[in-house]
Amino acid sequence: MIEVKNIKKSFDGKVVIEDVSTVMKAGQCNLIIGTSGSGKTVLQKCIVGLFEPDSGEVLYSGNNFTAMKGEEKTEIRKEIGMLFQGSALFDSLNVEDNIMFPLNMFTHNTHKQKLDRVNEVLNRVNLPGVNKKFPAELSGGMKKRVALARAIVLNPKYLFCDEPNSGLDPQTSLVIDKLIKEITIEFNMTTVVNTHDMNSVMEIGDYILYMYQGRKEWEGSKKDIIFSKNQLLNEFIFASEFLQDAKDMRMLEETGKIPNHRNMDLMLDKDTAPLAPPDQGE
Amino acid sequence: MTIFNDIGRYLLMIKGMFSKPENGKMYWKEFIHQCTEIGFGSLGIVAIISVFIGAVSTIQTAYQLVSPLIPPSTIAQIVRDTVILEFAPTLVCIVLAGVAGSRIASELGNMRVSEQIDALEIMGINTKAYLIMPKIAAALLMIPLLVVIAMALGIWGGRLAGTMSGILSGNIYDKGLLEFFVPYNVFFALTKAYVFSFIISSIPAFYGYYVKGGALEIGRASTKAVVVSCILILFADYILSALLL
């Protein structure tokens, strides 16, 4: 479990994170969502210690990470895995060496044991047999999966993902999302995902924190989003007609009515319905 | 104010390098890798420059020594001392600031921009110690060796040019090399080489490590690193000459 208490962070006098507190539980995907520039990446970097917060605390399983020094911090960091937006694979190392790097640095296992572990995590991310390929030879989705394999190779307790779907097609995004979800449950990790991909929110979000202009604007479960009356959240989540329709359909199923002023006839109209197939006639 | 801010950050970076390695074997591997990159990677250009510097020194010295009262072996003495005192340590290090320095700055800059440094930090690795320390240590080992090689090749290049152009025979050149030789000059040259090695490796490491932005900024940081390194080398050259000669 990760507890964030009253985190504040500013750069050159400009406040980027303002008094954010939250609790992220183990075994679930905790999502930080928000528009670009809302402070979600800075918040995540404050949580993992890449940025020093101006004030506030971050507690990993009750241990105050922000107050820790050198060695203690290193011990916590060994329990953290992170999937970066651009994958952050080491260009000069092949896939096998990239994944083996944390094992080489922090374990005294034999080469055979390390290689077995590398193959195990590569199989886990459904990417067997790419050991000798270099990052430049991989597609965006493959890079993300290799980075995910490297992030989990030391069996971390905490997994952080920064925009895991950026630059990926919807199908590959879904694969990455499912992998993150499966791994979170399988290893009972505390997973924190930074995203503005609404498919991810609906696919893997167990707990969602919505950031707006550096503040925590809303938090709750995926189900709560549907019934939320927070205007800013609704504007962000249901910005597209498609998602608004999906929400309305869900509301209709759950409550039998739609609370807003949208015209259901329009939604159910065959020609304008979002899932209607394209006109093949011409 | 920016310059004081930069000096402060540079000193903190140097301080940050000194910590217990997470895994000595991995640090050693990185050190050997850097020795190969800095040492063998620059050997070719150093060899070419040294030979030609020696050759040009011989021809130009002979051109200026027109008096029949000055023995031809003096040419060898002048070439030897010029190469040892100035050309081998200073000129070679300025070239190395371009070759090795820009490589260090762009490598670290690329790692910073593509979040590879952040990835190492998250793993619990002291990136200053793991990425910068081996580069500086490798430079301190390999660059003085390159300077020694440059001295030998420069003097040999002078001999080659002298004999090929008929300025003086090989025997006279060899005789001149042994006359009035001051071993302290080699010590002085190596002292300069060590100081310059530190500049060549630490300044580009600083600019690369703290780069912000994208590909354009990596290029700018690399250029700035080379320019600042060259200026500092020339400044240190003057200070060391004034203090030690």
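Note that the structure is predicted; figures quoted are calculated from it, not measured.

So, the overall build of chain B
- Scanning chain B for helices and strands turns up eight helices and zero strands.
- Overall, chain B shows an N-to-C arrangement of helices and strands of α-α-α-α-α-α-α-α.
- Once the C-alpha set of chain B is aligned to its principal axes, its extents read approximately 70 × 40 × 30 Å.
- Residues classed as buried in chain B amount to 42% of the 245 residues present.
- Within chain B, residue pairs in contact and separated by at least 24 positions form 88% of the contacts whose partners lie at least 6 positions apart.

Considering the overall build of chain A
- Within chain A, the secondary structure is distributed over eleven helices and ten strands.
- Long-range contacts, defined as pairs at least 24 residues apart, comprise 63% of the intrachain contacts of chain A with a sequence gap of at least 6.

A word on the packing of helix α3 (residues 73–113) of chain B against helix α5 (residues 127–164) of chain B
- Axis separation between α3 of chain B and α5 of chain B bottoms out at 8 Å; the angle between their running directions is 145°. Handedness of the crossing formed by α3 of chain B with α5 of chain B: right-handed.

Topic: the packing of helix α7 (residues 183–209) of chain B against helix α8 (residues 215–244) of chain B
Residue and element names in this part refer to chain B.
- Remark: α7 packs on α8, axes separated minimally by 9 Å, with the N-to-C direction vectors making an angle of 155°. Relative to α8, α7 is oriented roughly antiparallel. Judged by the sense of rotation from one axis to the other, the crossing of α7 with α8 is right-handed. Residue-level inspection shows F188, T191, K192, V195, F196, I199, I200, I203, P204, Y207 and G208 of α7 in contact with α8, the latter providing A221, K224, A225, V228, S229, L232, I233, A236, D237, L240 and L244.

Quick notes on the sheet that holds strand β8 (residues 190–195) of chain A
Residue and element names in this part refer to chain A.
- Strand order in this open sheet of six strands is β6-β7-β8-β3-β9-β10, and the pairing throughout is mixed. With one partner strand each, in any of the chains shown, β6 (80–83) and β10 (215–220) form the two edges of the open sheet. When the angles between neighbouring strand axes are averaged without regard to direction, this sheet yields 20°.
- Two elements, β6 and strand β7 (residues 158–162), share four bridges in a ladder whose sense is parallel. By the bridge assignment for β7, L83 is matched with C161.
- Its contacts with the sheet place helix α6 (residues 170–186) against β3 (28–34), β7 and β8, and it is angled at close to 135° to β3.

Remarks on helix α3 (residues 95–106) of chain A
- Listing the buried residues of α3 of chain A in full gives V95, N98, I99, M100, F101, P102, L103 and M105 of chain A.
- Where α3 of chain A is buried, its residues touch α4 (111–124) and α5 (140–152) of chain A together with α2 (24–64) and α4 (116–123) of chain B.

Considerations on the interface of chain A and chain B
- With 15 residues of chain A in contact, the opposing surface of chain B contributes 13 residues.
- Top contributing element to the side of chain A that touches chain B by residue count: α3 of chain A, with four residues.
- In terms of residue class, the side of chain A that touches chain B is built from ten nonpolar, three polar and two charged.

Examining the sheet that holds strand β5 (residues 63–64) of chain A
All names here are of chain A.
- Across the sheet, which stays open at both edges, the four strands sit in the order β2-β1-β4-β5 with antiparallel pairing between neighbours. The strands lining the two open edges of the sheet, one partner per strand, are β2 (14–24) and β5.
- Strands β1 (2–11), β2 and β4 (55–60) of the sheet are contacted by helix α1 (residues 40–48), whose axis makes an angle of about 120° with β1.

As for the pairing of β1 of chain A
All names here are of chain A.
- As paired strands, β1 and β2 are joined by seven bridges and run antiparallel to one another. Note on β2: the bridge partner recorded for E3 is V23.
- Here β1 folds back onto β2, and the loop between the two strands holds two residues, one of which, D12, carries a positive phi near 50°.
- Inspection of the sheet shows β1 paired to β4 by five bridges, in the antiparallel sense. Looking at the pairing, I2 lines up with Y60 of β4.

Let's talk about the nonpolar core
- Membership of the largest hydrophobic core comes to 129 residues, with the highest contact counts inside it found for V92 and I143 of chain B.
- When neighbours within four sequence positions are excluded, V92 of chain B is seen to be in contact with V46, I49, S50, L146, V147 and A150 of chain B.

Notes on the environment of K132 of chain A
All names here are of chain A.
- Positionally, K132 belongs in the loop between α4 and α5.
- When the C-alpha atoms of K132 and E96 are compared, they prove to be 6.3 Å apart, with 36 residues separating the residues in sequence.
- When sequence neighbours within four positions are dropped, the list of residues in contact with K132 reads N94 and E96.

Overview of the confidence of the model for chain A
- Within chain A, residue pLDDT values average 84, and 86% of them lie at 70 or more.
- The model gives residues 264–282 of chain A a pLDDT under 50, and that stretch makes eleven contacts with residues more than four places away or in other chains.

Topic: unusual backbone geometry
Residue and element names in this part refer to chain A.
- Phi angles above zero are rare outside glycine, and S61 is one such case at about 45°.
- With respect to the helices and strands, S61 occurs in the loop between β4 and β5.
- Residue S61 is classed as partly exposed on the basis of its 14 C-beta neighbours within 10 Å.
- The phi angle at N126 is positive, at roughly 55°, despite the residue not being glycine.
- Residue classification places N126 among the exposed positions, given that 11 C-beta atoms sit within 10 Å.

What counts as what
- Each chain has its residues counted from 1, running along the sequence as written.
- Naming scheme: in the order in which they are written, chains are lettered from A and ligands are numbered from 1.
- Local features are withheld for residues below a pLDDT of 70 in this predicted model, meaning they are given only at 70 or higher, and side-chain atom pairs are given and counted only at 80 or more; totals for whole chains, interfaces and linings count all residues.
- Going along the chain from the N terminus, every DSSP run of H or I of four or more residues is numbered as a helix, and every run of E of two or more is numbered as a strand.
- Counts of 20 or more other C-beta atoms within 10 Å of a residue's own C-beta define buried residues, counts of 12 or fewer define exposed ones, and intermediate counts define partly exposed ones; C-beta atoms are placed from the backbone.
- Once C-beta atoms have been placed from the backbone, residue pairs whose C-beta atoms lie within 7 Å are recorded as contacts.
- Helix axes use the C-alpha atoms of the stretch in contact, all axes being lines fitted to C-alpha atoms, and the angles between their N-to-C directions lie in the range 0 to 180 degrees.
- Throughout, a crossing is termed right-handed when the near helix is turned clockwise from the far one, and left-handed when it is turned anticlockwise from it by less than a right angle.
- With respect to orientation, any angle under 35 degrees is reported as roughly parallel, any angle over 145 as roughly antiparallel, any angle of 65 to 115 as roughly perpendicular, and every other angle as oblique.
- A pair of strands is treated as paired once DSSP finds two or more bridges between them.
- Residue type decides the class: Asp, Glu, Lys and Arg count as charged, Ala, Val, Leu, Ile, Met, Phe, Trp, Tyr, Cys and Pro as nonpolar, and the leftover types, Gly among them, as polar.
- Here, a nonpolar core means buried Ala, Val, Leu, Ile, Met, Phe, Trp, Tyr and Cys residues linked by C-beta atoms lying within 7 Å of one another.
- For every residue, the predictor reports its confidence as pLDDT, a number between 0 and 100.

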